[in-house]
Amino acid sequence: MIERTVYRTIDRIGDPALRRAAESLARLVLENWFYALVVLVLWQFPAIVADLSGSEVTPRRPTGESAFWQSEMARALVLACLAMSYNLLFGYNGIISFGHALFFGAGGYITFILLARVDQSYQQEALIAVLAVVLALAILTRITARRLVTLALGGVLLVLLLVPNTPGMTFYQAAALAVLGSIGLSLISGVVTLRLRGIYFTMFTLALAEMFFVLAKSGTFRNVTGAEDGLGFGDLLPAALNPTPTGDGSRLQMYRVTIVFFVIVFLAIRRYLNSPVGRVIVAIRENEERARTIGYNTFFYKLLTMIFAGVIATLSGVLFVIWATDKRVHPEMLSLKFTVDPLLHTLIGGVGTLTGPVVAALGLILGETYLRNETFTLETEVLGLVPLWQFAVGLIAALLILFLRRTLRPAIHRLAGDGGRWSVLGAYLALWIVVSAAGLVAGGQVVPDLDLQDEVFDVSDLWDLFLGIVFVIVVMLLPHGIVGTWNRFWITRRIRRMERALQREKAP
Amino acid sequence: MQTYWTNLTPQHRRSWLLVVVYVALLLAISWLDFGYNTAGQTVFRGILLGMLVFLVASGLSLIFGLLDVLNFAQGAFLLIGAYVGYDIYHSLDASVEVRFLAAIGGGVLLVAAIGAVMEAGLIRPLYERPIFQIVLTFGLAAIFLDFVERIYGRNPKQPLSPPPLLNEKFTLFQQSLSVYRLFIIGLGLAMMIGVYILLNRTRIGIIIRAGVQDPEMVQALGINVRRVFTLVFILGSALAALGGIALVPYQGATLEMGNQFLILAIVVVVIGGMGSYEGTAVASIVVGLTRAVAEQLSLEHFDAPVLAETSILLLMIAVLLVQPSGLFGRGE
Amino acid sequence: MSEQMHLLEGRGLTKEFGGLVAVSGVDIRVRQGDLHSIIGPNGAGKTTLFNLLTGNLPPTRGQVLFKGQDITGEPLYRRVHLGIGRSFQITNIFPNLTVLENVRLAAQAMGGDSAKFWWHFRRFKQYEVAALDAIAQVGLGDKVGIPARILPHGDQRKLELAILLASDAELLLLDEPTAGMATEQVPVLIETIQRIQQATHKTIMLVEHNMNVVMNISDRITVMHQGEVLAEGTPQEITRNETVQKAYLGELYGDFAEMMGGEAP
Ligand SMILES: Nc1ncnc2c1ncn2[C@@H]1O[C@H](COP(=O)(O)OP(=O)(O)OP(=O)(O)O)[C@@H](O)[C@H]1O
Ligand SMILES: [Mg+2]
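Below you will find a few notes about this structure. Residue positions within a chain follow its written sequence, with the count starting from 1. Key to labels: chains lettered from A, ligands numbered from 1, both in the order written. Note on the predicted model: pLDDT of at least 70 is required for a residue's local features to be given, and 80 or more for side-chain atom pairs to be given and counted; whole-chain, interface and lining totals, by contrast, use all residues. The basis for the side-chain values is all heavy atoms of the structure; hydrogens and waters are excluded.

1. Some details on the coordination of the magnesium ion (ligand 2)
Residue and element names in this part refer to chain C.
Thinking step 1. Each metal site is built from N, O and S donor atoms within 2.8 Å (3.2 Å for Na, K and Ca), and since water is not included, such sites may look incomplete. In this structure, T47 (OG1) and Q89 (OE1) serve as the protein donors to the magnesium ion (ligand 2), at separations of 1.8 to 2.1 Å. Here Q89 lies in the loop between β6 (84-87) and α3 (99-110) and T47 lies in helix α1 (residues 46-54), a separation of 42 residues in the sequence.
Thinking step 2. With a relative accessible area of 26%, T47 lands in the partly exposed category. The secondary structure listing takes helices from DSSP runs of H or I that are at least 4 residues long and strands from runs of E that are at least 2 residues long, numbered from the N terminus. Buried means the residue's accessible area, taken with a 1.4 Å probe over protein chains only, is under 20% of the maximum for its type, while exposed means over 50%, and partly exposed covers the values in between.

What follows is the structure, encoded as structure tokens:
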């Protein structure tokens, strides 16, 4: 509404240069005001929590709510970045990888193995390796001399920047090398896996990630990876990035660094999707054979996307370790959990939507933290009327009928005769009563003493179950996820209008 | 036999050769490295493991072949079968034989019922959205696991004693073993042959195989494919439950065993080629042997079980590099 | 005849699906600038032959030459850049993308900017201009913003053609561009194709069932039957050809009748 008015007003500007400037400004504001608002809220989030809870933003001991929620929010933002990178692969390019955790874990492991285990300089070796590669390329391929020189110079420069000639290396060098490693990993695994089809690809990536998980856990390499205990990095982190001290504002600063990281990742992904490459990968998702037939080397674009998503996952992994409470890199980072979580966030938030994974990741992770820290009193009666377990039986019966309605439909219609909508409803109601009654009788037999007293209990115990149920409900009833459904609501209306217009055109 | 061979595609012929060479290699390595008796014990363990995996994997493979659903809840079905069977065994007041049979029957029936409801209520509405089916089974597996944990607790259950007849000892390769292990192998073989006959010699089997090839065509012939889908899903779930119960007298019941066997089964199905029944059978044995030999090798030569833990995954990676659609899968 | 250059050449092309030989030892030469039609009954192997020429399928045996160069090993996407474009018999588009985006992607593929993931795609206006041009040529100018999936079938066929035009290939392989179109729309599309050929001197290979159309607009015709080439020549030669007549008027009378009458609507 507002948009259209603004653009219409701009269209009336006479001077073309002025009009173009106004248009890009308007586009910038209209497309980004909401995101800017969200970032502003995130930025002020520590202060908001502090105000609400009466705690300090940069407390000395004991730390309060604000400091606690700073690290929780930071962790959630990092995992939101991971989810966005997964969505880039899954939602936009149609690549279903079950090995995404490999890149997440690679970030943590490569960085901190380099930091903790490298105690001499490898600069000479690295330089020799670069020269060897260049030489091999010169001999084995027909690469042009100009490219070769560029490559050699680039390689030498990288080595000089990333591999110091003093023992050990800095955190930034290690993280940069982790990114390089991640790119290499994508290249190798991509070349091998991308020729596999469908489920074989998925299972191959799963096996690959599991392999590294097992290796990281294994005692055989304890002196490199630390096996199950992981790798401690305690004092290896530069002071500027260490979120543990709260009193001097370190945590707040690192929290803000994390927001900046998140914003950069978001913008980078958005730009990637709006670039020529982004348009191609969506086309590949839609119809890969067609994309090849109009001249795209789809393998290249899929590989590029894998590298891009992998790098984001790697950087998220580094940040995740920084925010870890026990300051250790754990084998768990390579486990299926960090593939399934982003997958869930993507599905629940909305496959192939820009903001969906973020909404779901923040909602679920922060929600979990919140609930785990609370205890609730479970009243054994709902509204003081129905005993809770009876209510639950009724609810389950209703859900059962809802899920089974396609199967039940013929039976229901036979039952209802042809009395129209109300008798169908009546038949469903009757069925519900019968099923509930059966459940109540059975339940009364098995658990006669269920409704005794109010119980105080911990939600943390129920979280996984809750998540599973939310998940099934979303998959069944909200197939496009939260944001996806919201978007669709608007898009469908537009498309309906177009369809009607097309039909009108056909009619006369 | 000869017609079987000549009817194979060149790719599948190559797969057979690979399998034979690989198994021969495994046997040779174990004989040379472990000596006659230990090698024999290892191979026996491998076959046993292969048969157990087969019970879970054959269900997975059947379901995938026809419904195109990779059922991640298969591991949970095994778990439910094991725990419910255990429960029934201990809560009945009858002779061991009756309790044992009741445990098998009860567990299998319950899981079959769960499978039926799950297919009809949850999976069926999602046939147009295949990815969601996979993810749904994933979520359901988590819920089932949670329920089992809530009802039966975290502690592992002790192995229960099978009927005396199956509990006797026999000696093989100088190792005293319970007859129950032979029973498991027998059960696996019986299922292998039983399902083979079902698929190849009965009307419903022909419909299933035709449905694997081309569901629309079968539907067009006036057969209710959906009902066949449900049936296959029930059959697949029941096989997993059977595997679960068969495991309890052998190694007890733990919450982890569902996922352990699920991963093994997925590896088996992928190696064998999705939807190929003979592939699943062959791959089960190969995977079982590989795992057993790798375990023995780790035990004798390394101080850590890395090789044992990664052997199966390495095998799968190697097979997919050689045959991108599994050993006996339908190539493109 | 031979002073005209052969743009595309197939030598001994064979494709087997399991036991079925869909295309068997086909030799075909397409001269630069011709409109070369392929005709034959259903299942004759016309589409499969196209798939072999464009690289959608690898041949079991045989070679494909383009401008005298062997391109048999070239992957599908590279052949487009060499100048071989195609449209599909069964509509094959990006269903959830808009008409403009469908065509713009084809134009973008031909430029060198597709890998620039750091720029916004709006920066490369030239592809949008080329796409709009191609869309206008097929007469979809007023539907650029509509998702391809909700277009009526006839318009989807036009979109298929627009995608091909945006590729700006020298050689266009059109696989039954009018398949499934309403009869009154067929002449419009054929006219478009003819107009394009006259304006741009592109070489066109056309599969078409409507014999009137084929006889009128073709420079050369290849008749296929059960995977083999039955005859090749000018429209006059084909109508006079005895093998064709015998084959069609004899045992295959039905097929020929169908071909003469065009496809049932
Ligand atoms: N992918 C495939 N797998 C197996 N058989 C195929 C495949 N594609 C085509 N065929 C078979 O090859 C033969 C030739 O098919 P093709 O589509 O090339 O014929 P066509 O001349 O294009 O027919 P139509 O006029 O119906 O389009 C047919 O018998 C068809 O069934
Ligand atoms: Mg055809």
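2. Some thoughts on the pairing of strand β2 (residues 20-31) of chain C
All names here are of chain C.
Thinking step 1. Bridge analysis of strand β1 (residues 6-17) against β2 gives eight bridges, and the strand direction is antiparallel. Residue pairing in the sheet places G10 in a bridge with I28 of β2.
Thinking step 2. Here β1 hands over to β2 after two residues, with G18 in that stretch at a positive phi of 60°. Whether two strands pair depends on DSSP finding at least two bridges between them.

3. Here we look at empty space enclosed by the protein
All names here are of chain A.
Thinking step 1. Only protein atoms enter the 1 Å grid used here, on which a cavity is any set of points holding a 1.4 Å probe that cannot leave and a pocket is any open set flanked by protein within 12 Å on both sides along at least five of seven lines; residues with an atom within 4 Å of a point are listed as lining. Grid points are joined across faces, edges and corners, and a volume is the space filled by probe spheres set on the points. Applying the stated criterion across every chain, the model contains five cavities of 30 Å³ or more.
Thinking step 2. Of the voids in this model, the largest cavity is the one considered here, and its volume is about 60 Å³.
Thinking step 3. S97, G99, H100, L102, F103, S189, T193, T205, L208 and M306 together form the lining of the largest cavity.
Thinking step 4. At the level of elements, α4 (101-117), α7 (171-193) and α8 (198-217) are the ones that each hand at least two residues to the lining of the largest cavity.
Thinking step 5. Amino acids are sorted into nonpolar (Ala, Val, Leu, Ile, Met, Phe, Trp, Tyr, Cys and Pro), charged (Asp, Glu, Lys and Arg) and polar (every other residue, Gly among them). Here the residues of the lining of the largest cavity are counted per class, giving four nonpolar, six polar and no charged.
Thinking step 6. There is about 50 Å³ of room inside the second largest cavity.
Thinking step 7. Across the lining of the second largest cavity, the residue classes tally to four nonpolar, three polar and no charged.

4. As for the pairing of strand β3 (residues 35-39) of chain C
All names here are of chain C.
Thinking step 1. Of all the five residues making up β3, five are buried; the element is thus mostly covered by neighbouring parts of the structure.
Thinking step 2. Going residue by residue along β3, you find L35, S37 and I39 tucked away on one face and H36 and I38 tucked away on the opposite face as well.
Thinking step 3. Alignment of β3 against strand β8 (residues 203-207), held across four bridges, turns out to be parallel. Bridge pairing links L35 to I204 in β8.
Thinking step 4. Bridging between β3 and strand β9 (residues 220-225) involves four bridges; their strand directions are parallel. What sits directly across from I39, in β9, is V223.

5. Overview of the site of ligand 1
Residues and elements named next belong to chain C.
Thinking step 1. One heavy atom suffices: a residue is near a molecule or strand as soon as one of its heavy atoms comes within 4 Å of it. In the vicinity of ligand 1, 14 residues are found, and the nearest of them are G43, K46, T47, T48 and Q89.
Thinking step 2. In the model, an oxygen atom of ligand 1 is placed 2.8 Å from a nitrogen or oxygen of the K46 side chain.
Thinking step 3. Here a polar contact is recorded for every N or O atom pair within 3.5 Å, except that within protein the pair must consist of a potential hydrogen donor and a potential acceptor, and residues adjacent in sequence are included only if both atoms are side-chain atoms. The separation between an oxygen atom of ligand 1 and a polar side-chain atom of T47 is 2.6 Å.
Thinking step 4. Burial of ligand 1 by the protein amounts to 62% of the accessible area it has alone, namely 640 Å².
Thinking step 5. At the level of elements, β2 and α1 are the ones that each hand at least two residues to the shell around ligand 1.
Thinking step 6. The leading source of residues in the shell around ligand 1 is α1, at three residues. Every accessible area reported is derived by Shrake-Rupley at a probe size of 1.4 Å, with residue values counting cover from the shown protein chains alone.

6. Brief notes about the sheet that holds β2(C)
All names here are of chain C.
Thinking step 1. Taking strand neighbours across the sheet as the criterion, the four strands line up as β2-β1-β4-β5 in an open arrangement whose pairing is antiparallel. Strands at the two margins of the open sheet, each flanked by one partner only, are β2 and β5 (69-70).
Thinking step 2. As defined by bridge partners, strand β4 (residues 61-66) adjoins β5 across two bridges and the pair is classed as antiparallel. Bridging across to β5, L65 finds its partner in D70.
Thinking step 3. In the packing of α1 onto the sheet, contacts are made with β1, β2 and β4, and the angle to β1 comes to roughly 120°. The contact criterion used throughout is that any non-hydrogen atoms of two residues lie within 4.5 Å. Think of each axis as a best-fit line through the C-alpha atoms, taken over the contacting stretch in the case of a helix, with angles from 0 to 180 degrees between the N-to-C directions.

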